[in-house]
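Working through the structure, step by step
Spelled out from the first residue to the last, the chains are:
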Amino acid sequence: MTQAAMQKDRLLFEGADWDFSTLQRIHDACEEIAIGELGLDVYPNQIEVITAEQMLDAYSSTGMPLFYRHWSFGKHFAHHEAFYRRGMRDLAYEIVINSSPCISYLMEENTATMQTLVIAHAAFGHNHFFKNNYLFKLWTDAEGILDYLDFAKSYIARCEERYGETAVERTLDAAHALMSHGVHRYAGKTRLDLRQEEKRQQERRAHEEQMFNDLWRTVPSGRKRDAADVDLERRRAALGLPQDNLLYFLEKSSPRLQPWQREILRIVRHVAQYFHPQRQTKVMNEGTATYVHYQIMERLHDRGQISDGNYFEFLKSHTNVVFQPTFDDRRFSGFNPYALGFAMMQDIERIVTDPTDEDREWFPDIAGRGDPMQVLRGIWADYRDESFISQFLSPHLIRKWRLFQLYDDPQMSEGILVSAIHDERGYKRVRRQLAREYDIGWTDPRIDIVDVDLAGDRRLLLQHRAPNDWVLEDSETRQVLQHLADLWGYDVMLQEIDGAEKVVKEHVAHPREIRQKGDLFA
Amino acid sequence: MHIIDRRLNPRGKSLENRQRFLRRAKDAVQQAVRRSLQSRSIRDVLDGGEVSLPIGGMGEPSFRRAEGGITDHVLPGNRAFVEGDIIPRPPGQGAGRPKEAGQGDGEDGFRFVLTREEFLSVFLDDLELPELAKRRLSETEEMSPVRAGYSISGSPSNLSIDRTTRLAMMRRIALKRPKPAEIEALQRQIDECENEETRLLLEAELKSLTERIRRIPYVDPLDVRYRRFDNEPKPVAKAVMFCLMDVSGSMSEHMKDLAKRFYLLLYLFLSQRYEKVEIVFIRHTEKAEEVDEDTFFYGQATGGTLVSSALAAMRSIIAARFDPTEWNIYAAQASDGDNSYRDEAPTGHLLKHEILPLCQYFAYIEVDEEGGDSLASNSPLWRLYESIRPSAATLAMRKVCRKNEIFPVFHDLFQKRSTQTKAVP
C-alpha cells in the first residue's frame with residue numbers, strides 16, 4: 001500500500017458528506033481522544049439528527065425535547081422563525097441537554113467537519129462539564145430530568161382538562177413572571193435527625209453546667225425587647241422569612257391556591273432551578289466545550305484522521321466562534337462567552353506548561369505544574385464563572401485583551417470615568433469587576449419577602465435591595481407584582497431600599513378577582 | 001452511544017403552542033390583518049403573509065433593573081485611555097450602561113408570518129350569513145356514512161379485528177380445537193414413555209389431534225366480519241348570493257374600485273366559509289346582464305342607469321333557477337345612488353314587493369367620492385330605500401367613501417348576530 005492510500009485509509013471522512021456510520025466513526029475517534037488522552041468523564045452519549053424546523057422547535061421550548069404547552073413558547077417560535085426566514089440569524093449548530101444519556105442535537109445541514117466539531121464540542125465538552133461541575137451536581141438531576149418533564153407535561157395537560165385552559169394559563173403566566181426569583185440560591189441546611197438533635201442538646205447542657213458562674217446574674221442586661229418585636233420574629237421564623245425564593249414561598253404558604261396550582265408553581269420552580277447552574281457558568285461551560293473541541297480537532301488532524309482541507313474548514317468556524325470584537329466595534333455586544341472562556345482556558349494551559357515569573361507570582365498553585373488537563377479538570381469541577389474569573393483571569397490576558405474599566409455615575413456631568421486599565425494598578429480591579437459582572441447574585445435584582453401581616457389584612461411585604469440607585473423597571477415590576485398578588489390572594493407591597501436603608505420607592509398591587517372553576521372563594 | 005434520526009418525527013411539534021399564542025394575540029392579530037388589507041391589493045392578501053404585532057399584552061414581565069444608576073463595567077480593546085480619563089457621554093444617549101444588544105432585539109416590532117389558513121381564519125372570524133334558515137333535503141344530497149353494525153363482506157380497511165377474533169375464539173372453543181400446549185404435553189409424554197404399547201396409543205392420539213388442528217383453522221373465513229356503514233342523507237342549507245353592481249357612466253374609477261373591493265371581500269368570505277353557496281354576478285347600466293366572476297371584477301362597460309333592470313334580472317334568475325322555498329337568497333347591491341327619475345317607481349315596487357319578500361338579507365352599499373360624507377346621503381336611490389326600510393327588516397344600508405371604510409362596513413354587515421337584530425344604518 002502506498003503512503004497516500006494509507007493516509008486516505010485513516011481519514012474519518014472525505015469531503016462534506018456524512019451518513020450514520022460516519023457519525024459513529026467520528027464519535028468513536030473523538031471518544032478515544034476525549035477519554036483516553038484528555039481524561040474526560042462523560043455521561044453516555046445520545047446523538048440526534050434533526051432538521052432546521054426541529055431546531056427552531058427546540059429553541060422555543062428552552063432546548064428541552066419535551067415541555068409543557070404554553071403560548072409563550074409559540075411566541076418565541078414565531079419570533080425565531082421570522083428572523084431565520086429573513087436570513088437575519090443563523091441557527092446554532094447544536095443544542096445539548098444536561099441529561100443522562102446526554103442528548104446532543106445535530107443539524108442535518110451541517111457538513112461532516114461541522115458534525116465532528118459539534119460532537120467534540122457538545123457530546124464531550126459540555127457533557128463533561130455537566131457531569132463534573134459542582135453546581136450541576138448540586139442542583140440538577142441529569143438522570144431524572146426527562147422523566148420529570150414528561151410528568152410536568154402530562155400533569156399540566158391534565159390540569160387543563162380539569163380546570164380549563166384559561167385558569168392553568170393564568171397560573172403559568174404568573175409563575176413564569178416570578179421564575180427568575182424561583183430558585184434556591186444556596187443549598188439548604190440539611191435536616192438534623194432527632195437523635196443528633198438530642199445529643200446536641202445534652203452537649204449544650206453539659207457545656208452550660210461547666211461554664212456556670214453565678215456572677216453573670218448580677219450583670220445588668222440591656223433593654224427588654226417589647227412584645228411586638230418578639231411577635232415579628234416568631235412570625236418570620238414560622239414562615240421561613242426572609243425568603244428570596246418567591247415561588248417556593250407561595251407554593252408553601254399562599255393561603256388561596258388550589259393544590260394543583262401549588263404543583264404548577266413547583267414544576268416551574270424545578271425547571272428554573274434546573275437551569276440555574278447554566279446561568280452561572282456560561283463562560284466556563286462554553287470555554288470548556290470550546291477548549292475540548294479545539295484539543296480534539298487538533299489531535300484528530302495530527303493523527304491524520306482529518307484532511308487538511310477539512311481542518312481549515314474547522315479553523316474558519318472556530319475562529320468565528322471565538323471572535324471578540326473590541327468595544328468600539330460596531331459588532332460589539334458585550335463579552336463573547338466562547339471567546340473569553342476559550343482564551344482563559346488556553347491561558348491556564350500556558351501558565352501550567354510555560355509560566356513567566358509574573359504567572360508564578362500570581363498563580364503559585366498552578367504555575368509550572370506541567371499537566372494542563374489535570375489542572376483544568378479540577379477547575380472545571382470546582383468553579384463557576386464568578387469565582388473562575390476572579391481566580392484565573394491573568395494579567396497576561398488582561399493585557400492581551402486590553403481590558404479597561406469604566407465608572408459611570410449619572411450625577412457626574414463631565415462624562416464617564418476610566419477607573420482602571422490594563423496596568424499594574426488596574427489588574428486586580430478589572431478582574432474583580434469582570435468577575436462581579438458574572439455573579440448573578442449581583443447582577444440580578446435581589447428581592448426578598450420580609451413580612452406578612454398575618455393579624456391584619458395579610459399584606460405581603462417585599463423588599464428590593466437597590467444599591468447604586470438600581471431601581472426596578474417600573475411598568476414591568478407593576479405587572480409582575482400583579483401576578484404575585486393574584487397568586488397570594490391579598491395585597492402585595494414592594495419597597496425598594498437604597499444603600500442607606502432608605503425606602504426610595506414603593507409599589508403596591510391588589511389581587512384581581514379571579515372567578516374560576518374550583519376556586520374556594522368563587 | 002446511540003444515534004437517532006429525528007428528522008422523520010412528525011412535524012409541527014410546536015403547532016399547539018403557536019395556536020395558543022395566536023389565540024392569545026387574537027385582537028392584535030386581527031388589527032394587524034385589517035391594517036394589512038388596506039395597504040395591499042386584496043389578491044395578495046389572500047396568500048397570507050407577514051404581519052407585525054405590537055408586543056403589548058404579550059410581554060413576559062419579570063423583575064428587571066431599570067436603566068441608570070451608578071454602573072461599573074469592563075470592556076475589551078482599550079486603545080488610548082489611561083486611568084483617570086473622562087470620556088464625554090455620547091450625545092443623544094442618556095446616561096447609563098451601553099445598551100446590551102441581543103436583549104431587547106426585535107421585541108417592540110414583533111413580526112411574523114401567518115399561513116394562508118391562519119390569515120383567513122383571523123380575517124373571516126365572526127362573520128356569517130344571517131338567517132341561514134331554510135335547511136332541507138334535496139336530490140343532490142350530501143351523504144354522511146353512519147355506523148350500521150357488521151357485515152360479512154367489505155373492504156379490508158373496514159375489517160373489525162375485535163369482532164373477527166371473538167367469533168374465531170367462539171368457534172375454536174365450540175369445536176374443541178386442541179391447544180398447542182396440549183400437543184406439546186402429549187409429545188413430551190411420548191418422548192418420556194418407555195412402554196411401547198402406550199406409546200403407540202399416545203402417538204395415535206397425537207395424530208388425531210394434529211389432524212383436528214389442521215381441520216379446524218385458527219381463523220376461518222366464516223369468522224371474518226367487517227364494519228358496515230350506511231349512507232345517510234344530510235340536510236344542507238343552500239344559499240345564493242346575488243351581487244348587483246352598477247357600472248354606469250356616473251360611477252367614477254374610485255367608486256368602482258370601492259365596489260369591487262367590497263365584492264371581493266364578499267366573494268372571499270363566501271367561497272372560504274360556505275361550500276354550498278352559489279354566487280350570481282349581475283352588472284347593470286340601463287340594462288342588466290349576468291356575467292361570470294372575471295368579467296364582473298375586471299370587465300369594462302359603461303352606459304346609463306336603470307336600477308330596476310338589475311332587480312328584474314335578479315327576479316327572473318330566481319324564478320328560473322332558485323326556488324325560494326329551498327334556497328336562502330341574499331343580495332348585495334353597490335351603486336353610486338344615481339337612478340333615472342322615471343325608474344324610481346318601478347325600482348321601489350320591484351324591491352318592496354318582489355325581491356325583499358324572497359330575500360333573507362339585502363345589503364345596499366352606496367359608494368361615493370373620496371371626500372364624501374359616509375354618514376349621510378341624499379341620492380335618489382338612498383332616499384327611495386330609506387322610505388322602504390321601515391317596512392322591511394331585511395334591508396341594510398351603508399355608505400362608503402374611502403378604502404379603509406370597506407372592511408368595517410363589510411364586517412358590520414356580516415358579523416355574527418346573536419338574535420334577530422338586524423344591521424341598522
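Just so you know, these numbers come straight off a predicted model, no measurement behind them. (Residues numbered from 1 in each chain as written. Chains lettered and ligands numbered in written order. Predicted model: local features only at pLDDT ≥ 70, side-chain atom pairs only at ≥ 80, totals over all residues.)

Thoughts on the overall build of chain B
Secondary structure summary: chain B contains 13 helices and 15 strands in total. The burial tally for chain B puts 26% of its 425 residues in the buried class. If you take every contact in chain B between residues at least 6 apart in sequence, the share linking residues at least 24 apart comes to 80%. (Helix = DSSP H or I, 4+ residues; strand = E, 2+ residues; numbered from the N terminus. Buried ≥ 20, exposed ≤ 12 C-beta atoms within 10 Å, placed from the backbone. Contact = placed C-beta atoms within 7 Å.)

Quick word on the overall build of chain A
Each helix and strand counted, chain A has 22 helices and nine strands in total. Overall size of chain A, expressed as C-alpha extent along the three principal axes, is 95 × 65 × 65 Å. Partitioning the contacts of chain A with sequence separation of at least 6, the portion at a separation of at least 24 is 71%.

Topic: the sheet that holds strand 3 (residues 102–107) of chain A
The mixed open sheet is built from four strands, whose spatial order is 2(A)-3(A)-1(A)-1(B). Each having just a single partner strand, strand 2 (94–97) of chain A together with strand 1 (2–5) of chain B make up the two edges of the open sheet. This sheet shows a mean twist of 20° between the axes of neighbouring strands, independent of strand direction. Relative to strand 1 of chain B, strand 1 (residues 45–50) of chain A runs parallel, the two sharing four bridges. Paired with A:Glu48 across the two strands is B:Ile4, which belongs to strand 1 of chain B. Across the sheet, helix 3 (residues 52–60) of chain A is in contact with strand 1, strand 2 and strand 3 of chain A; its angle to strand 3 of chain A comes to roughly 135°. Packing of helix 5 (residues 112–132) of chain A onto the sheet brings it into contact with strand 1, strand 2 and strand 3 of chain A, and relative to strand 3 of chain A it is tilted by some 160°. (Pairing = 2+ DSSP bridges. Axes fitted to C-alpha atoms, helices over the stretch in contact; angles between N-to-C directions.)

Here's the deal with the interface of chain A and chain B
Contacts between the two partners involve 78 residues from chain A, matched on the other side by 55 residues from chain B. Sorting elements by how many residues they give to the side of chain A that touches chain B places helix 4 (residues 71–85) of chain A first, with eleven residues. Of the residues in the side of chain A that touches chain B, the class split is 32 nonpolar, 27 polar and 19 charged. (Nonpolar A, V, L, I, M, F, W, Y, C, P; charged D, E, K, R; others polar.)

Regarding the sheet that holds strand 4 (residues 404–408) of chain A
Spatial ordering of the open sheet is given by 3(B)-4(A)-5(A)-4(B), a layout of four strands whose pairing is antiparallel. Each having just a single partner strand, strand 3 (71–75) and strand 4 (86–87) of chain B make up the two edges of the open sheet. The strands touched by helix 20 (residues 427–437) of chain A are strand 4 and strand 5 (416–420) of chain A together with strand 3 of chain B; relative to strand 3 of chain B, the strand with the most contacts, the crossing angle is about 105°.

Description of the nonpolar core
Membership of the largest hydrophobic core comes to 146 residues, with the highest contact counts inside it found for A:Cys30, A:Phe124, A:Ile296, A:Ile348, A:Leu484 and A:Val492. Counting residues per element, this core draws most heavily on helix 5 of chain A, which supplies eleven residues. Sequence-distant contacts of A:Val492, that is, excluding residues within four places in its chain, are made with A:Leu460, A:Leu462, A:Leu481, A:Leu484, A:Ala485 and A:Ala509. B:Ala239, B:Leu244, B:Ala331 and B:Ile406 belong to the second-largest nonpolar core, a separate cluster that totals 60 residues. (Core = buried A, V, L, I, M, F, W, Y, C linked by C-beta atoms within 7 Å.)

Things to note about the packing of helix 15 (residues 337–353) of chain A against helix 17 (residues 372–382) of chain A
All names here are of chain A. As a packed pair, helix 15 and helix 17 sit with axes 9 Å apart at the nearest point and diverge in direction by 130°. Here helix 15 is positioned oblique relative to helix 17, judged by the angle of their axes. The crossing of helix 15 and helix 17 is right-handed. Facing Met345, Ile348, Glu349, Val352 and Thr353 of helix 15, the residues of helix 17 in contact are Pro372, Val375, Leu376 and Ile379. Class assignment for the residues of the contact of helix 15 with helix 17 results in seven nonpolar, one polar and one charged. (Parallel < 35°, antiparallel > 145°, perpendicular 65-115°, else oblique. Left-handed = near helix turned anticlockwise from the far one by under 90°.)

A look at the domain arrangement of chain A
All names here are of chain A. Here chain A is described as being made up of domain 1 (3–133 + 281–313), domain 2 (331–441) and domain 3 (445–509). The C-alpha centroid of domain 2 is placed 28 Å from the C-alpha centroid of domain 1. With 14 residues of domain 1 at the contact, the number on the domain 2 side is 17 residues. Elements represented by at least two residues in the side of domain 1 that touches domain 2 include exactly helix 5 and helix 13 (282–302). Per element, the largest residue contribution to the side of domain 1 that touches domain 2 is eight residues, and it comes from helix 13. The class makeup of the residues in the side of domain 1 that touches domain 2 is five nonpolar, seven polar and two charged. (Domains from an automatic or database assignment.)

Some details on unusual backbone geometry
Cis geometry marks the peptide bond from A:Ser100 to A:Pro101; its omega dihedral reads 0°. Within the secondary structure, A:Pro101 is located in the loop between strand 2 and strand 3.

Some remarks on the environment of A:Phe129
You can see A:Phe129 is positioned in helix 5. C-alpha of A:Phe129 to C-alpha of A:Trp380: the two residues are 251 residues apart in sequence and 6.6 Å apart in space.

Observations regarding the packing of helix 5 of chain A against helix 13 of chain A
Residues and elements named next belong to chain A. For the pair helix 5 and helix 13, the least separation of the axes is 8 Å and the interaxial angle reads 130°. Judged by the inter-axis angle, helix 5 sits oblique to helix 13. For the element pair helix 5 and helix 13, the recorded crossing hand is right-handed. Of the residues in helix 13, those in contact with Thr116, Leu117, Ala120, His121, Ala122, Phe124, Gly125, His126, His128 and Phe129 of helix 5 are Asn285, Thr288, Ala289, Thr290, Val292, His293, Ile296 and Met297. Broken down by class, the residue content of the contact of helix 5 with helix 13 amounts to nine nonpolar, nine polar and no charged.

As for the pairing of strand 1 of chain A
Residue and element names in this part refer to chain A. Counting buried residues in strand 1 gives five out of six residues, a clear majority hidden from the surface. Sheet analysis places strand 1 next to strand 3, joined by six bridges and oriented parallel. Residue pairing for strand 3: glutamate 48 is matched across the bridge by tyrosine 105.

Considering helix 3 of chain A
Most of helix 3 of chain A is tucked away, with seven of its nine residues classed as buried. Following helix 3 of chain A by one or two positions, A:Thr62 has its phi on the positive side, about 50°.

Quick look at the confidence of the model for chain B
Residue and element names in this part refer to chain B. The pLDDT averaged across chain B works out to 78; a share of 83% of its residues lies at or above 70. The lowest-confidence element of chain B is strand 6 (residues 135–136), averaging 54 in pLDDT; the highest-confidence one is helix 5 (residues 161–174), averaging 93. Taken together, the stretch residues 94–107 has pLDDT below 50 and engages in 18 contacts with residues farther than four places along the chain or on a different chain. With pLDDT under 50 throughout, residues 419–425 is counted as low confidence; its partners more than four residues away or in other chains account for nine contacts. Across the interface, the model reports ipTM at 0.79; the global pTM reads 0.72. (pLDDT = per-residue confidence, 0-100.)

Structural notes on the confidence of the model for chain A
Counting all residues, the mean pLDDT for chain A is 85, and 92% of those residues have values of 70 or more. In this model, residues 515–522 of chain A is a region of pLDDT below 50 whose contacts with residues beyond four sequence positions or in other chains number eleven contacts.

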